[in-house]
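# Structural overview
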Amino acid sequence: MENFVVSARKYRPQEFDTVVGQAHITDTLEHAIQENQLAQALLFCGPRGVGKTTCARILARKINERDGSTSEDGFSYNIFELDAASNNGVDEIRELTDQVRFAPQVGKYKIYIIDEVHMLSSAAFNAFLKTLEEPPAHAIFILATTEKHKIIPTILSRCQIYDFKRITIEDIQLQLKKIAEKEGIAYEDDALYMVAQKADGAMRDALSIFDRLSTFTQKNITLAKAAEVLNILDYDQYLNIVDLAHENRISEIVSAFNEIVKKGFDSHIFIAGLGNHFRDLMMAQNTNTLNLIEVGETTKTKYAAQSKKWSAQLLIDAIEICNHADINYKNSKNPRLTVEIALMQLASLTANGSADKKKSI
Ligand SMILES: Nc1ncnc2c1ncn2[C@@H]1O[C@H](COP(=O)(O)OP(=O)(O)O)[C@@H](O)[C@H]1O
Ligand SMILES: [Mg+2]
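The rules behind these values
- Residues numbered from 1 in each chain as written.
- Chains lettered and ligands numbered in written order.
- Predicted model: local features only at pLDDT ≥ 70, side-chain atom pairs only at ≥ 80, totals over all residues.
- Heavy atoms only, no water.
- UniProt positions renumbered as here; feature names shortened; annotations may be inferred.
- Salt bridge = Lys/Arg side-chain N within 4 Å of Asp/Glu carboxyl O.
- Helix = DSSP H or I, 4+ residues; strand = E, 2+ residues; numbered from the N terminus.
- Buried < 20%, exposed > 50% of the residue type's maximum accessible area, 1.4 Å probe, protein only.
- Phe/Tyr/Trp six-rings, centres within 6.5 Å; stacked < 30°, edge-to-face > 60°.

In the nomenclature of an unreviewed UniProt entry, the protein corresponds to DNA polymerase III subunit gamma/tau from the organism Kaistella pullorum. In its Catalytic activity (unreviewed entry) section, the UniProt entry covering the protein states "DNA(n) + a 2'-deoxyribonucleoside 5'-triphosphate = DNA(n+1) + diphosphate".

Laid out in structure tokens, this is it:
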């Protein structure tokens, strides 16, 4: 069996121009290298999985390449990496600060990457601070952290700070598409959108969900499977419920809900999600607000089609019904009934007309 390399490792960018969604940083760094304007200490901050370590390594390599201390196979002699998450002690830092004093044997710079720098113990931090206060001219420090607020002001003030951003859903989706194509994995666009959304801005998370899905689906990632694996209620289920409501099919709407509960979905999340679906339909009625819906393109088209069947007033009523159930859910002695009542009210909306319904709430 061929060894499986996780995508997060296999697809770690090796160049600045393949780093996704951080152009404000990669452009600046590229420019600073060209112009010889790099600071001696840089701090990369931002959420996890957005490219801090990746960029630190690329930058270190670039600096080395420029000063000729890289061997022909790309190995850099002058890059030292310390992961403070696993080596947070004063000993490692002492060793590092001892080494720093000596000039490199080849090339001009020694580059120290200290990852997760907020994890250093305070003794280690203090030992390091001395070096950072008066670094030798050949030393460059690249520090990375997810917790900028834990970095003491004395360090912050000595570093050039780069704030990494969460990566947008669209950028993540596009990256997943590229990887799927390279790996020969079939996919539905909207499934990748769902994965990207779930990753909440972190490319690493997106890639690990992607790997899990690709294994689970035997390289055919559909929206339905993605929803199943991520334990997200498939958009189609909400579309179905809303169609049943529109057609006043009370018994069917209640049984559809029953099926959803049987699959283990939380009914509170369900009703809140249904409210959100009606909200999305409201947004879908107007091309100006269509883009405020966070779903993939195919699903968006379905939402737009469904929204045409509803008047704006009925949608508002529907949102109110869901919201009401959402708020009352926790205080209800029988929360399931609370949701069922809401569903019955929803399924009566188009029968009653909106004016009558107001009285019945
Ligand atoms: N901006 C990005 N562009 C492309 N891939 C990324 C990006 N950020 C993270 N990744 C992917 O996630 C993995 C982990 O990223 P890493 O740089 O270690 O994140 P961080 O240090 O911010 O937690 C990388 O190997 C790469 O596959
Ligand atoms: Mg990192």
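Counting across every chain of the model gives 20 salt bridges. Among the ionic pairs, Glu133 bridges to Arg158, the shortest N-O distance being 3.7 Å. Linking Glu133 in helix α5 (residues 122–133) with Arg158 in the loop between α6 (153–156) and β5 (160–163), this pair joins segments that are 25 residues apart in sequence. Measuring nitrogen to oxygen at the nearest pair gives 3.1 Å for the salt bridge that ties Asp163 to Lys148. Of this pair, Asp163 sits in strand β5 while Lys148 is found in the loop between β4 (139–145) and α6, placing the two residues 15 residues apart along the sequence. Classification of Asp163 by relative accessible area gives partly exposed; the value is 39%. If you follow the salt bridges from partner to partner, you end up with Glu15, Arg61, Lys62 and Glu65 in one network.

Applying the stated criterion to the full structure yields nine aromatic pairs. With a centroid separation of 5.8 Å and 20° between ring planes, the pair formed by Tyr238 and Phe270 is classed as stacked. Pair noted here: Tyr238 is in helix α11 (residues 235–246) and Phe270 is in helix α13 (residues 267–284), with a separation of 32 residues, a long-range link. We classify Tyr238 as buried; its relative accessible area is 8%. A residue is classified by how much of its surface remains accessible, and Phe270, at 1% relative accessible area, is buried. When the ring of Phe278 is compared with that of Trp310, the centres are 5.5 Å apart and the planes differ by 75°; the resulting orientation is edge-to-face. Separated by 32 residues along the polypeptide, Phe278 in helix α13 and Trp310 in the loop between α14 (297–307) and α15 (312–329) bring together distant segments of the chain.

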